[in-house]
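The primary structure of each chain is shown beneath.
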Amino acid sequence: MRVTRVLAGVAGAALMGFGVSLLLEVRDLTGVLVWLGGAVVLHDAVIAPLVLLAGLVAVRGRARGPVRAALVVAGALTVVALPALLRPGRTANSSVLPLDYPRNWMIALVAVAAVTVLVLAARGLTRRRWPPT
């Protein structure tokens, strides 16, 4: 386990270094830093509390963990998809955002829900069969 953690740490440090090198090439660094700060505030002040509250209110007992995980993933997918979902109408260049992003976002959310249901079903089956008789 220790080797895996060290490798994950080295990979993370390398990716952070790459990100910093990309930031050094940006002309409008203030805009990027404001956007990154806004993303942190949005996550910490809005998304995380809503997910935890929804997980607390919606589900009790053993299903709470998978439901919270699904809500976190759905929230992250939504944040990533927001620029494409909130885009202004059609653009002059048809190659800019050419896909049906709202539909694809919904497909991703349905996939998250389906995986959550499968995890809960698997937990229910293993709980009934354990301990073996």
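Residues numbered from 1 in each chain as written. Predicted model: local features only at pLDDT ≥ 70, side-chain atom pairs only at ≥ 80, totals over all residues. Heavy atoms only, no water.

As annotated in an unreviewed UniProt entry, the protein carries the name Integral membrane protein and is attributed to Streptomyces heilongjiangensis.

With that settled, the discussion passes to the UniProt feature "transmembrane region" (unreviewed entry) in the protein. Mapped onto the present numbering, the UniProt feature "transmembrane region" (unreviewed entry) falls on residues 33–57, 69–86 and 106–125. Spanning residues 33–57, this segment combines 100% helix with 0% strand, and its end C-alpha atoms are found 35 Å apart. Taken end to end, residues 69–86 is 94% helix and 0% strand, and its first and last C-alpha atoms sit 25 Å apart. (UniProt positions renumbered as here; feature names shortened; annotations may be inferred. Helix = DSSP H or I, 4+ residues; strand = E, 2+ residues; numbered from the N terminus.)

The subject of this paragraph is the side chain of T116. Looking at the element boundaries, T116 is found in helix α4 (residues 101–129). According to the relative accessible area criterion, T116 is buried, its value standing at 13%. Here the side chain of T116 touches V112 through a polar contact of 2.8 Å, landing on its backbone oxygen. Every residue in contact with T116, bar those within four places of it in the chain, is listed here: P66, V67 and A70. (Buried < 20%, exposed > 50% of the residue type's maximum accessible area, 1.4 Å probe, protein only. Polar contact = N/O pair within 3.5 Å; in protein donor to acceptor, adjacent residues only side chain to side chain. Contact = heavy atoms within 4.5 Å.)

Glancing now at helix α3 (residues 64–85). At V79, α3 is deflected by roughly 30°, the largest bend along its length, and proline P83 occurs up to four residues later in sequence. When we look at burial in α3, the residues that qualify are P66, V67, A70, A74, G75, A81 and A84. (Bend = angle between axes of the 7 residues up to and from the residue.)

Further remarks concern the packing of helix α2 (residues 29–58) against α3. Close contact between α2 and α3 brings their axes to 9 Å; oriented N to C, the two are set at 145°. Both α2 and α3 take part in a crossing whose hand is right-handed. Mapping the contact onto sequence places L42, I47, V51, L52, A54, G55 and L56 in α2 and R64, R68, L71, V72 and V79 in α3. Looking at the contact of α2 with α3, its residues break down into nine nonpolar, one polar and two charged. (Axes fitted to C-alpha atoms, helices over the stretch in contact; angles between N-to-C directions. Left-handed = near helix turned anticlockwise from the far one by under 90°. Nonpolar A, V, L, I, M, F, W, Y, C, P; charged D, E, K, R; others polar.)

The next thing to look at is a nonpolar patch on the surface. Together, L42, V46, L50, V79, L82 and L86 make up an exposed nonpolar region whose accessible area comes to about 490 Å². Broken down by secondary-structure element, the contributors of at least two residues to the nonpolar patch are α2 and α3. For the nonpolar patch, the element with the highest residue contribution is α2, accounting for three residues. By the secondary structure assignment, L42 is in helix α2. (Patch = residues over 30% accessible without salt bridge, like charges linked within 9 Å, V, L, I, M, F, W, Y side chains within 5 Å. Areas by Shrake-Rupley, 256 points an atom, 1.4 Å probe, with all protein chains shown as cover. Salt bridge = Lys/Arg side-chain N within 4 Å of Asp/Glu carboxyl O.)

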